[in-house]
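Chain by chain, the residues:
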Amino acid sequence: MLLLQITSAVTAVTLVVLAMCLIPVLAEMKKAAVSLQEATDSLQKELKPLINDLRETVADIQVVTSSAAANADGVNMLLSELGHAGHNIRMINKVLGIATDVARNSTVWLTGAKVAGKFIADRIVRSKTRG
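An account of the accompanying structure is given in this report. Computed from a predicted structure; not experimentally measured. Think of each chain on its own: its residues are numbered from 1, step by step along the sequence as written. Totals for whole chains, interfaces and linings use all residues, but because this is a predicted model, local features are given only for residues with pLDDT of at least 70 and pairs of side-chain atoms are given and counted only at 80 or more. Think of the side-chain values as coming from all heavy atoms in the structure, minus any hydrogens and water.

We now examine the environment of histidine 87. Considering the arrangement of structural elements, one finds histidine 87 in helix α1 (residues 2-130). Separated by 75 residues in the primary sequence, histidine 87 and alanine 12 have C-alpha atoms spaced 105 Å apart. Helix and strand labels come from DSSP, where a helix needs a run of H or I of at least four residues and a strand needs a run of E of at least two; each type is numbered from the N terminus.

What follows covers the environment of lysine 48. Among the secondary structure elements, lysine 48 is positioned in helix α1. For the pair lysine 48 and lysine 94, spaced 46 residues apart in the sequence, the C-alpha separation amounts to 68 Å.

This next bit is on the pattern of salt bridges. The term salt bridge refers to a side-chain nitrogen of Lys or Arg lying within 4 Å of a carboxyl oxygen of Asp or Glu. Evaluated as defined, the whole model comprises one salt bridge. Its salt-bridge partner being lysine 31, residue glutamate 28 comes within 3.6 Å of it at the nearest N-O pair. A residue pair is termed a helical-turn pair when its members lie 3 or 4 positions apart in one helix, as glutamate 28 and lysine 31 do in helix α1 at three residues. By relative accessible area, glutamate 28 is classed as partly exposed at 48%. Burial classes follow relative accessibility: with a 1.4 Å probe on protein chains only, a residue under 20% of its type's maximum area counts as buried, one over 50% as exposed, and anything between as partly exposed.

Given below as structure tokens:
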């Protein structure tokens, strides 16, 4: 029986030591659980407005994006029309260049025609005076 009493005494001492160590551990675990709960509540309170703000921001971004896409079509059309205008200006420039050459050379042609006319008139007059 003495062995049973010793075993019981050792078990009782072990349980007391275990309880003495376990009580502070459980108290700290309780504090950690309370802190975790408070942090979760605080995070939940802060996340709801943040999520709402993010949704509003995403909606604003969608509006801006669609507006920019609509303006991009307008810009593309403007650039296309500017390309056509540039082509037309080049064609007008070519025509004006040709007209300038013709106008510049017209004095030469007129002078040549006057000289040729005088030459022909002189020949006609000479042939009539001779003949």
